[in-house]
Amino acid sequence: MLLPSRLLLALVLGLTSVGTFASPLVPRVPHESRSILPRGWAPVRRAESDFILPLRTGLAQSNLEALEEFLLDVSDPESPNYGGHWSPAKVAATFRPSSESVDTVRGWLAESGIGAERVRLTPGASWLVANVTVAEAEELLGTEYYVYEHADSGHVQVRCDKAYHLPEHVSKHVDLITPTIHFDKQVRRSAEGQSVKSKIGKLGS
C-alpha cells in the first residue's frame, strides 16, 4: 500500500529530526560494588540533593604490570641493582598516572558539567578532586546517595547505594572514587561526626 505523500514526508522529517537531535547514550559499566553493608551500618534516608561531597577520583597508576620485575631487579643477587633502594621520588614518578588518564577523566568531568575551575589535581597526580553536589554525583556515577548511620556509635556518613558506574572509556583510567561504597573504619562518636550529622539534617526527618 502506498503512503500518502504528506504522511511519507512527515515520517522522513521525523526520522531526520531524531537523527539530528538525539544524542547516543554513552555505555556505562559497574566500576565498584558491594553485596552487603559493613556491620552496624544502615541507610536512614536519601541524602539531600544539594549536600556537598568532596569527590575524589583515584587515577589508575602506570607500570603496575612491571611491579614484579622491579622487585626482582633489586632482590635478585645476580642483578646489578641488587640491594638498591628506590627513592620516594622515583616510586612516585614510576607509578604516576599517565597524561592520558588525567586528560580522559578531566574531559569526562567537564562534559558532565564539572568545570575545569572546580577540579584540582593533587601534587602526585594520583587524584582529581572536586566538590560536587549529591545530585551531580548521582548523575556522574549512575547511583543514589543515602545517609547511613552506625547503630553503636551514632556516627553518620553519606555513601552511595550498592554500586556506581562509569563510562567504559573512563573506567580503565580510574582506580576508585570516594565517597562511594566504602565506609570509614573509624566509627567512634566525635565532634566532627556530630558536625556532619547537623549539616545533613536531623535523621529520619
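Structural data are supplied above this passage.
So, how was this worked out
Residues numbered from 1 in each chain as written. Predicted model: local features only at pLDDT ≥ 70, side-chain atom pairs only at ≥ 80, totals over all residues. Heavy atoms only, no water. Buried < 20%, exposed > 50% of the residue type's maximum accessible area, 1.4 Å probe, protein only. Helix = DSSP H or I, 4+ residues; strand = E, 2+ residues; numbered from the N terminus. Arc of directions from axis to C-beta. Phe/Tyr/Trp six-rings, centres within 6.5 Å; stacked < 30°, edge-to-face > 60°. Contact = heavy atoms within 4.5 Å. Core = buried A, V, L, I, M, F, W, Y, C linked by side-chain atoms within 4.5 Å. Pairing = 2+ DSSP bridges. Axes fitted to C-alpha atoms, helices over the stretch in contact; angles between N-to-C directions. Salt bridge = Lys/Arg side-chain N within 4 Å of Asp/Glu carboxyl O.

Chemist: Provide a residue-level description of helix 5 (residues 134–141), including the pertinent values.
Modeler: All buried positions along helix 5 are accounted for by Val134, Ala137, Glu138, Leu140 and Leu141. Across the axial projection of helix 5, the buried residues extend over an arc of 165 degrees, all falling on one side. Gly142 sits one or two positions beyond helix 5 and adopts a positive phi of about 60 degrees.

Chemist: An account of the packing of aromatic side chains is needed here, citing residue identities and associated values.
Modeler: Throughout the structure, instances matching the rule amount to 3 aromatic pairs. An angle of 70 degrees between the planes, with centres 6.4 Å apart, marks the rings of Tyr146 and Tyr148 as edge-to-face. Side by side, Tyr146 and Tyr148 carry an identical accessibility label, which is buried. Arranged with centres 5.1 Å apart and planes meeting at 90 degrees, the rings of Tyr148 and Phe183 form a pair that is edge-to-face. Of this pair, Tyr148 sits in strand 6 (residues 145–150) while Phe183 sits in the loop between strand 9 (174–178) and helix 7 (191–199), and the two are 35 residues apart along the sequence. When its relative accessible area of 2% is taken as the criterion, Tyr148 is described as buried. Residue Phe183 is classed as buried on the basis of its relative accessible area of 13%.

Chemist: Quick one: what's the story with the environment of Thr133, residue by residue and with numbers?
Modeler: Turning to its location among the elements, Thr133 is positioned in strand 5 (residues 127–133). Remark: the alpha-carbon pair of Thr133 and Asp50, spanning 83 residues in sequence, is separated by 5.1 Å. Residues within four places of Thr133 in sequence aside, it is in contact with Ser49, Asp50, Phe51 and Ile52.

Chemist: Tell me what's going on with the nonpolar core, and back it up with residues and numbers.
Modeler: Leu53, Val105, Trp108, Leu141, Tyr145 and Ile177 are the most contacted members of the largest nonpolar core, which has 30 residues in total. Elements that contribute at least two residues to this core include exactly strand 3 (52–59), helix 4 (99–111), strand 5, helix 5, strand 6, strand 7 (156–160), strand 8 (163–167) and strand 9. When neighbours within four sequence positions are excluded, Val105 is seen to be in contact with Thr57, Leu59, Leu128, Val170, His173 and Val174.

Chemist: I'd like a description of the environment of His173, backed by residues and values.
Modeler: Here His173 is to be found in the loop between helix 6 (168–171) and strand 9. A C-alpha to C-alpha distance of 5.1 Å links His173 and Ala60, two positions 113 residues apart in sequence. Excluding its chain neighbours within four sequence positions, the residues that come into contact with His173 are Leu59, Ala60, Glu100, Ser101, Thr104 and Val105.

Chemist: How would you sum up the sheet that holds strand 3? Please name residues and give values.
Modeler: On the basis of which strands lie adjacent, the open sheet formed by 4 strands has the order 4-5-3-9 and antiparallel pairing. Strands with a single pairing partner mark the edges of an open sheet, and in this sheet they are strand 4 (120–121) and strand 9. Sheet topology note: the strand 3/strand 5 ladder contains 7 bridges and is antiparallel. By the bridge assignment, Pro54 is partnered in strand 5 with Asn131. The strands that helix 5 touches are strand 3, strand 5 and strand 9; relative to strand 5, the one it contacts most, it runs at about 125 degrees.

Chemist: How would you summarise the pattern of salt bridges if you had to cite specific residues and measurements?
Modeler: Per the counting criterion, the structure on display carries 5 salt bridges. A salt bridge links Glu144 to Arg46; its shortest N-O distance comes to 3.6 Å. In this pair, Glu144 is assigned in the loop between helix 5 and strand 6 and Arg46 in strand 2 (residues 41–46), connecting sequence segments 98 residues apart. A relative accessible area of 34% places Glu144 in the partly exposed class. With a closest N to O distance of 2.9 Å, Arg118 and Glu136 form a salt bridge. Residue Arg118 is found in the loop between helix 4 and strand 4, and its partner Glu136 is found in helix 5; the two are separated by 18 residues along the sequence. On the basis of relative accessible area, Arg118 is assigned to the partly exposed category, the value being 29%. Judged by relative accessible area, Glu136 falls into the partly exposed class, the value being 25%. Via salt bridges that share partners, Arg46, Glu138 and Glu144 belong to a single interconnected network.

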